[in-house]
Amino acid sequence: MMDSGIDSNSLAYAQRHGVLCARVRWTWGQIVLGTLAFSAAVFALYAAPMAAWIVLSSLMAVLAAATLGLRLAAMAATTLRDPTITITSSAIADVSRDTLPRYSVLVPLYREPEVVPHLLAALQAIDYPTDRLDIQILIEPDDQNTADALAAHTLPAHMRITISPPGAPRTKPRACNVALTLATGDLLVIFDAEDRPEPDQLLKAAVAYRNLSPDVVCLQCRLDHYNSQQSIATRWTAIDYLMWFRLVLPGLQLLGAPIPLGGTSNHFRISALRELGGWDPFNVTEDCDLGMRIARRGWQTRMLASTTWEEGIATISGWIGQRSRWIKGYLQTWMVHSRRGALGQFGLRGFVLMALSTLGLVGALLVNPIAWLTVLLWLAIGWSVVDTQDPLSVASLVVTLGLLVANLAVTAIAVVTCLRLRRRDLIAAAAISPGAWVLQSIAAWKAAWEYVVKPFHWEKTQHGQAVHDVAHGRAPAHGTADVRGPEDPARARLQAEHAVPLHQREVGAAVAI
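Source: prediction; values computed, not measured. (Residues numbered from 1 in each chain as written. Predicted model: local features only at pLDDT ≥ 70, side-chain atom pairs only at ≥ 80, totals over all residues. Heavy atoms only, no water.)

Engineer: Which residues make up the overall build of the protein chain, and what are the values?
Structural biologist: Across its full length, the protein chain holds 17 helices and nine strands. A buried classification covers 55% of the 513 residues belonging to the protein chain. Partitioning the intrachain contacts of the protein chain with sequence separation of at least 6 by distance along the chain shows that 83% fall at a separation of at least 24. Carbon together with sulfur atoms contributes 64% to the accessible area of the protein chain, which is approximately 21,300 Å² in total. (Helix = DSSP H or I, 4+ residues; strand = E, 2+ residues; numbered from the N terminus. Buried < 20%, exposed > 50% of the residue type's maximum accessible area, 1.4 Å probe, protein only. Contact = heavy atoms within 4.5 Å. Areas by Shrake-Rupley, 256 points an atom, 1.4 Å probe, with all protein chains shown as cover.)

Engineer: Go over the packing of helix α3 (residues 49-80) against helix α9 (residues 232-255), please, and point to the residues and values.
Structural biologist: Interaxial distance between α3 and α9 falls to 7 Å at its minimum, and their mutual angle equals 90°. In terms of their interaxial angle, α3 and α9 are classed as roughly perpendicular. Mapping the contact onto sequence places Leu70, Arg71, Ala73, Ala74, Met75, Ala77, Thr78 and Thr79 in α3 and Met243, Trp244, Arg246, Leu247, Val248, Pro250, Gly251, Leu252, Leu254 and Leu255 in α9. When grouped by side-chain class, the residues that make up the contact of α3 with α9 number 13 nonpolar, three polar and two charged. (Axes fitted to C-alpha atoms, helices over the stretch in contact; angles between N-to-C directions. Parallel < 35°, antiparallel > 145°, perpendicular 65-115°, else oblique. Nonpolar A, V, L, I, M, F, W, Y, C, P; charged D, E, K, R; others polar.)

Engineer: An account of unusual backbone geometry is requested, with residue identities and associated values reported.
Structural biologist: For residues other than glycine, phi is negative in most cases, and the peptide bonds are mostly trans. Of note, the bond from alanine 168 into proline 169 is cis; its omega dihedral lies within 30 degrees of zero at -5°. Within the fold, proline 169 resides in the loop between β3 (159-163) and α7 (172-182). The phi dihedral of arginine 111 falls on the positive side, at around 55°, and the residue is not glycine. By the element assignment, arginine 111 lies in the loop between β1 (103-108) and α5 (116-124). Residue arginine 422 is not a glycine yet carries a positive backbone phi of 60°. Among the secondary structure elements, arginine 422 is positioned in the loop between α14 (391-420) and α15 (427-431). The class of arginine 422 is exposed, set by a relative accessible area of 75%.

Engineer: Let's hear about the pattern of salt bridges: which residues, and what values?
Structural biologist: With the rule as written, the count across this model stands at 18 salt bridges. Close ionic contact of arginine 111 with aspartate 142 constitutes a salt bridge, the shortest N to O distance being 3.6 Å. One end of the pair, arginine 111, is in the loop between β1 and α5; the other, aspartate 142, is in the loop between β2 (133-139) and α6 (144-151), and 31 residues separate them in sequence. What makes aspartate 142 partly exposed here is its relative accessible area of 38%. One salt bridge in this structure joins lysine 172 and aspartate 192, with 2.9 Å as the shortest N-O distance. Taken as a pair, lysine 172 in helix α7 and aspartate 192 in the loop between β4 (187-190) and β5 (196-197) lie far apart in primary sequence, 20 residues in all. The same class applies to lysine 172 and to aspartate 192, which are both buried. Each member of the salt-bridge network shares a partner with another, and the members are Asp7, Arg111, Glu140, Asp142, Arg170 and Arg174. (Salt bridge = Lys/Arg side-chain N within 4 Å of Asp/Glu carboxyl O.)

Engineer: Lay out helix α8 (residues 201-210) in plain terms, naming residues and giving numbers.
Structural biologist: The periodicity of an α-helix, 3.6 residues per turn, causes residues three or four positions apart to be oriented the same way. Most of α8 is tucked away: nine of the ten residues are buried. Among the residues making up α8, those that are buried are Gln201, Leu202, Leu203, Lys204, Ala205, Ala206, Val207, Ala208 and Tyr209.

Engineer: Could you give an account of the nonpolar core, with specific residues and numbers?
Structural biologist: Leu188, Ile239, Phe268, Trp279 and Ile294 are the most contacted members of the largest nonpolar core, which totals 72 residues. With 13 residues, α9 is the largest single contributor of residues to this core. Excluding anything up to four places from it in sequence, leucine 188 contacts Tyr103, Ser104, Leu106, Leu180, Ala183, Asn266, His267, Phe268, Ile270, Leu273 and Trp279. (Core = buried A, V, L, I, M, F, W, Y, C linked by side-chain atoms within 4.5 Å.)

Written out as structure tokens, the structure is:
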């Protein structure tokens, strides 16, 4: 890739990390191995389709079974002993607020003027001493509408706007890296524009860190939706979040696996984050990648019992777009962390678990439709690739059928999860979750294609369209409460500066207002 257009911070990150940056899509070694594997598969399918089918279907089944097995093992481990850290209200009350660490909060926005009033109300609701808060709202230099929406409010003294410099890649992690250079906190958390964190979340994280060893550098909070009842897409995502954040991730922690972070509500020790270099600006799931980097360094991530409420994507097209970005990012993460020094830093066990969490997930989604189609063709027309007189061929068909059985097992697990977590409102959606796998497989093939043609493209998620739940304990929507701080001449001057169009302002490495 040419250096033109890449901003200086992102270029410095790429130069520092070399092949361990997603800017390098593939190394020569990966190109050679991939070409040899693809050529061998094509030749085998042409020369000996029966034998090739047996080998390929068996490999697909092993990959899917191992990936599913890891998820089941993690969920079982959590069920037996949930390691999620719980901080009680009395533990918070025992801490003097004067001794709390300074906290930086990063909130990236891009073309989301409609969420600004709710965002500011949610940030104002955070229960933390404002003299120890450093909140940066991150916007892009071409996003005049969002800048205008923010200009309609006089921000409190502990909130400021940071404008990213022009340049590529146009991704969330690039904006966060700019803000990281300006952050003044001891701890740092990221929230998305539509997030509604529980007000005491920062207090819980600060108290938790007091009793944790220095090698614990990240606390991941739970994510849930405040509009889970809006559509079938939001129901499916709510089910995924229940399983992922309440069962799978705590279980991965117990199993000693690297933790693929969620994109929001991760609380970092800022010194460790800076030592890692921040986020990979070329990875479209910078959260997952950062979780792997934490593990490679020998540091730890823990789960924290506090929930951030998000807006689930309500449309099927938006849902596929969001998933394709996630899957592409997981593919990027695998490609990066299967390179130089990975086995030595992860250890054999950690490397295998990392591979199953990234490549295994992507691979299972890619091969699922192949398994479904194969079985349907065999049942419908007796497809000749399956020779019922050949025991090995029959065995491969049984293996493929096993993939379908595994799919049904995941459905059962989803239903049981909803029952266990008292979300009976999601059981019907869980029962028809095979529909979600079809869509995820479509998203996976889209992601694989995009990895080749536009690897750093960020599929923008549209927010501000939620229909909020009114039952099941969902977090209420924050209103457009007045977030204006005390008027003073300095604030008036900043208000006037916001009235100047972004393209007319001088923007350097960063502009913090």
